[in-house]
Amino acid sequence: MIYKRSSELFAAAKEVIPGGVNSPVRAFNAVGGEPLFIKEAKGAYMYDEDGNKYIDYINSWGPLILGHAFDPVVNAVIEKAKKGTSFGTPTEIETTIAELAVSMVPNIDKIRFVNSGTEACMSAVRLARGFKNREKIIKFAGCYHGHSDSFLIQAGSGAVTFGTPNSPGVTQGTAKDTLLATYNDLESVEDLLKANQGEIACIILEPIAGNMGCIPPKEGFLEGLRKLCDEYDVLLIFDEVMTGFRLARGGAQELTGVDADIVCFGKVIGGGLPVGAFAARTEIMDYLAPTGPVYQAGTLSGNPLAMAAGLAMLTELNDNPEIYTSLAQKTEYLHKGIAEVLIKNNVTHTINRRGSMISVHFAEEAVVDFTSAAKGNNDTFKKFFHGLLENGIYIAPSAFETWFLTDALSYEDLDATIAAVDKVSKEL
Ligand code: PMP
């Protein structure tokens, strides 16, 4: 493929934007080469500035569960924009989408909208700290909860891709209040709870991890966390920025049957516009300003265009729950097809999957936490990534990311993907 125009645009971008990108994972640093500049997209396909076509497995890093430029979302945004883009006052649509979200997700009474997943997690943790009047939190190595200071401690996603899981600029004072546990290891959590009794406000995690590649919770892990939180009187926060409205209408809580105390959303809830949210039972949510003492705010929070996109997306998912079965079936089909050709071509691998999230780890052993994810062969991943790209398949340019399927993918698209994996894996 020819990437001439992308390359020219990247050179121009680098002059005025650090690294040429507004979010590090978009750059191809981890795999080598230069990022593609995308011109347009529809359904399962993206087209770059040189006119190359790709079957997309990133889907804006998760939001586009029904494909690019999904008509109901696009039309809702256009219609809303004609009436004004922002007022900074309450609007009816905020209540409409809040009512819908609360009805779809188990175990929440109230929800507040923000502008990103980062804001959602940052605010949820502040709320937990305020509510419990305690300062320490527990997070898991390899989980990513956005780029606010408390979370850039052994963070996954771009933070680990770029070799800075602990970012300079985060003060030691902040870092000391984030305690680190091992994903899928309840003992590591209990040790921290025992050693810091009465000091921990909350445990935050991705209930199905996606930021060290896809890593589902082991049987009993989430249930065990719930039990520990009850025993030690600590709030459990599910960061469902990836999983919310993606794995089921009610997200991971519905899928696993485990209740969290606070739930964070992003990605799908905004239908591709900048939206995040956090939600909990009334007692906790009313601890927020203006009813409670914990401060949290936003000039563009609940923005009408963003709410219109989110409402159109959630309405579609709520009205058509069979989408989740269809997505899971497509993902299973892809899993089987990829596994078959990788085995045939003698490529060492482990595939993790849950719902419409899937990752191919080039690792021999089961990938269950950050340490086992990091053992994956990055040289193999780089070749795999570039081989697929060359064959019109666009996956995230890092091994520490999950693939996101969209229901716009046809079985022909999946077959084309499996055929490309077959071709590429012969040369790994
Ligand atoms: N939490 C999780 C689980 C995420 O995957 C992400 C982003 N990938 C975030 C939080 C941060 O969201 P945003 O990039 O919208 O700030």
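On a predicted model such as this, the values are computed, not experimentally measured, just so you know. All residue numbers refer to positions counted from 1 along the written sequence of the respective chain. At least 70 in pLDDT is required for a residue's local features to be given in this predicted model, at least 80 for side-chain atom pairs to be given and counted, and no such filter applies to totals for whole chains, interfaces and linings, which use all residues.

### A few points about the overall build of the protein
Here is step 1: Every helix listed is a DSSP run of H or I at least four residues long, and every strand listed is a run of E at least two residues long, numbered separately from the N terminus. Along the protein, the regular secondary structure elements total 15 helices and 14 strands.
Here is step 2: Since a compact globule built from 428 residues should have a radius of gyration of about 22 Å, the 21 Å found for the protein is in line with a globular shape.
Here is step 3: Overall, the C-alpha framework of the protein stretches about 55 × 55 × 45 Å when taken along its three principal axes.
Here is step 4: The proportion of buried residues among the 428 residues of the protein is 50%.
Here is step 5: Residue pairs at least 24 apart in sequence account for 74% of intrachain contacts in the protein once pairs closer than 6 positions are excluded. Here the globule rule reads 2.2 Å times residues to the power 0.38, and the radius of gyration is calculated from C-alpha atoms. Comment: burial labels come from other C-beta atoms within 10 Å of the residue's own C-beta, placed from the backbone, where a count of 20 or more is buried, 12 or fewer is exposed, and between is partly exposed. Residues are treated as contacting if the C-beta atoms built from their backbones sit within 7 Å of each other.

### Section: the UniProt feature "modified residue: N6-(pyridoxal phosphate)lysine" (unreviewed entry) in the protein
Here is step 1: UniProt positions are given in the numbering used here, feature names are shortened, and annotations may be inferred rather than shown by experiment. When the UniProt feature table is mapped to this numbering, "modified residue: N6-(pyridoxal phosphate)lysine" (unreviewed entry) covers Lys 267.
Here is step 2: With 26 C-beta atoms counted inside 10 Å, the residue Lys 267 sits in the buried group.

### Topic: the packing of helix α2 (residues 71–81) against helix α11 (residues 304–319)
Here is step 1: Direction vectors running N to C along α2 and α11 enclose 150°, while the axes themselves pass 8 Å from each other. Here α2 is positioned roughly antiparallel relative to α11, judged by the angle of their axes. In terms of crossing hand, the pair formed by α2 and α11 is right-handed. Taking contact as the criterion, the partners of Pro 72, Val 73, Ala 76, Val 77, Lys 80 and Ala 81 in α2 are, on α11, Pro 304, Leu 305, Ala 308, Ala 309, Leu 311, Ala 312, Met 313 and Glu 316.
Here is step 2: Residue type decides the class: Asp, Glu, Lys and Arg count as charged, Ala, Val, Leu, Ile, Met, Phe, Trp, Tyr, Cys and Pro as nonpolar, and the leftover types, Gly among them, as polar. Class assignment for the residues of the contact of α2 with α11 results in twelve nonpolar, no polar and two charged. Convention adopted: a line fitted to C-alpha atoms gives each axis, helices being fitted over their contacting stretch, and angles between N-to-C directions are expressed from 0 to 180 degrees. For classification purposes, angles smaller than 35 degrees are called roughly parallel, those larger than 145 roughly antiparallel, those between 65 and 115 roughly perpendicular, and all remaining angles oblique. In a left-handed crossing the near helix is turned counterclockwise from the far helix by less than a right angle, and in a right-handed crossing that turn is clockwise.

### Details of the site of the ligand
Here is step 1: Using the backbone to place each C-beta atom, any residue with that atom within 6 Å of a molecule or strand is considered near it. Residues in contact with the ligand amount to 17 residues; listed here are only the nearest, Ser 116, Gly 117, Thr 118, Gly 146 and Val 241.
Here is step 2: Element by element, the count of residues in the shell around the ligand is highest for helix α4 (residues 117–132), at three residues.
Here is step 3: For the shell around the ligand, a count of residues per class yields five nonpolar, ten polar and two charged.

### So, the sheet that holds strand β1 (residues 38–42)
Here is step 1: Strands qualify as paired when DSSP identifies two bridges or more between them. Pairing within the open sheet is mixed, and its four strands lie in the order β1-β2-β3-β13. Two strands close off the open sheet at either side, each with one partner strand: β1 and β13 (393–394).

### Description of helix α12 (residues 322–344)
Every α-helix winds through 3.6 residues per turn, so residues three or four apart in the chain are directed the same way.
Here is step 1: The end-to-end C-alpha distance of α12 is 33 Å, a good match for the 33 Å that 23 residues give at a rise of 1.5 Å each.
Here is step 2: At its buried positions, α12 is contacted by β11 (350–354), β12 (357–361) and α15 (411–425).
Here is step 3: Positive phi shows up at Asn 346, right after α12, with a value of about 55°. To estimate the expected span of a helix, count its residues, drop one, and scale the result by 1.5 Å.

### Comments concerning unusual backbone geometry
Here is step 1: Between Ala 289 and Pro 290 the backbone carries a cis peptide bond, its omega angle lying at 10°.
Here is step 2: Looking at where Pro 290 falls in the secondary structure, it is placed in the loop between α10 (282–285) and α11.
Here is step 3: Of note in this structure, Asn 107 is not a glycine but carries a positive phi near 70°.

### Some points on the sheet that holds strand β14 (residues 403–404)
Here is step 1: Taken in spatial order, the three strands of this open sheet run β11-β12-β14, and their pairing is antiparallel. A single partner strand is all that each edge strand has here, and the edge strands are β11 and β14.
Here is step 2: Bridge count for β11 against β12 is five bridges, and the pairing is antiparallel. Considered in β12, the bridge of Asn 352 is made with Ser 359.
Here is step 3: Strand contacts of α12: β11 and β12, with the helix running at about 175° to β11, the strand carrying the most contacts.

### Points about α4
Here is step 1: Taking 1.5 Å as the rise per residue, α4 with 16 residues should run 22 Å; its terminal C-alpha atoms sit 22 Å apart, in good agreement.
Here is step 2: The buried fraction of α4 amounts to twelve of the 16 residues, a majority that puts the element mostly inside the structure.
Here is step 3: Every buried residue belonging to α4 is among Gly 117, Glu 119, Ala 120, Cys 121, Met 122, Ser 123, Ala 124, Val 125, Leu 127, Ala 128, Arg 129 and Phe 131, and all of these are buried.
Here is step 4: A positive phi of about 55° marks Asn 133, the residue just after α4.

### Topic: the domain arrangement of the protein
Here is step 1: When its domains are assigned, the protein resolves into domain 1 (4–69 + 321–425) and domain 2 (71–319).
Here is step 2: The interface of domain 1 with domain 2 comprises 33 residues on the first partner and 34 residues on the second.
Here is step 3: Of all the secondary-structure elements, those providing two or more residues to the side of domain 1 that touches domain 2 are α12, β11, β12 and α13 (370–374).
Here is step 4: Examining the composition of the side of domain 1 that touches domain 2, we find that four residues originate from one element, β12, more than from any other.
Here is step 5: Considered class by class, the residues forming the side of domain 1 that touches domain 2 number 19 nonpolar, ten polar and four charged. An automatic or database domain assignment is the source of the domain bounds shown.

### As for the nonpolar core
Here is step 1: Ile 203, Ile 237, Ile 262 and Val 263 are the most contacted members of the largest nonpolar core, which has 132 residues in total.
Here is step 2: In terms of residue count, the dominant contributor to this core is α11 (ten residues).
Here is step 3: Both of domain 1 (4–69 + 321–425) and domain 2 (71–319) provide at least three residues apiece to this core.
Here is step 4: If we skip the residues at most four places from it in the chain, Ile 262 touches Ala 124, Leu 127, Ala 128, Leu 235, Ile 237, Phe 278, Ala 280 and Ile 284. When buried Ala, Val, Leu, Ile, Met, Phe, Trp, Tyr and Cys residues are joined through C-beta atoms within 7 Å, the set is termed a nonpolar core.

### Notes on the environment of Glu 322
Here is step 1: Within the fold, Glu 322 resides in helix α12.
Here is step 2: Taking the C-beta count within 10 Å as the criterion, Glu 322 has 9 such neighbours and is therefore assigned exposed.
Here is step 3: Here the alpha-carbon distance between Glu 322 and Thr 118, two residues 204 residues apart in the chain, equals 30 Å.

### Describing the pairing of strand β9 (residues 262–265)
Here is step 1: What you see with β9 is no split at all: Ile 262 and Cys 264 on one side and Val 263 and Phe 265 on the other are buried throughout.
Here is step 2: Pairing of strand β8 (residues 235–239) with β9 involves three bridges; the strand directions are parallel. Within the sheet, the bridge partner assigned to Phe 238 lies in β9 and is Val 263.
Here is step 3: You can see the chain leave β8, run along helix α9 (residues 251–256) and come back into β9, and the turn it takes is right-handed. A crossover gets the label right-handed when its path from the first strand over the helix to the second runs clockwise, viewed with the strands pointing away from the viewer.

### Re the packing of α12 against α15
Here is step 1: Where α12 contacts α15, the two axes come as close as 9 Å, and the packing angle between them is 20°. As judged from the angle between their axes, α12 and α15 are roughly parallel. α15 is crossed by α12, and the crossing has right-handed handedness. From α12, Lys 330, Tyr 333, Leu 334, Gly 337, Ile 338, Val 341 and Leu 342 reach across to α15, where they touch Tyr 411, Leu 414, Thr 417, Ile 418, Val 421, Asp 422 and Ser 425.
Here is step 2: Broken down by class, the residue content of the contact of α12 with α15 amounts to nine nonpolar, three polar and two charged.

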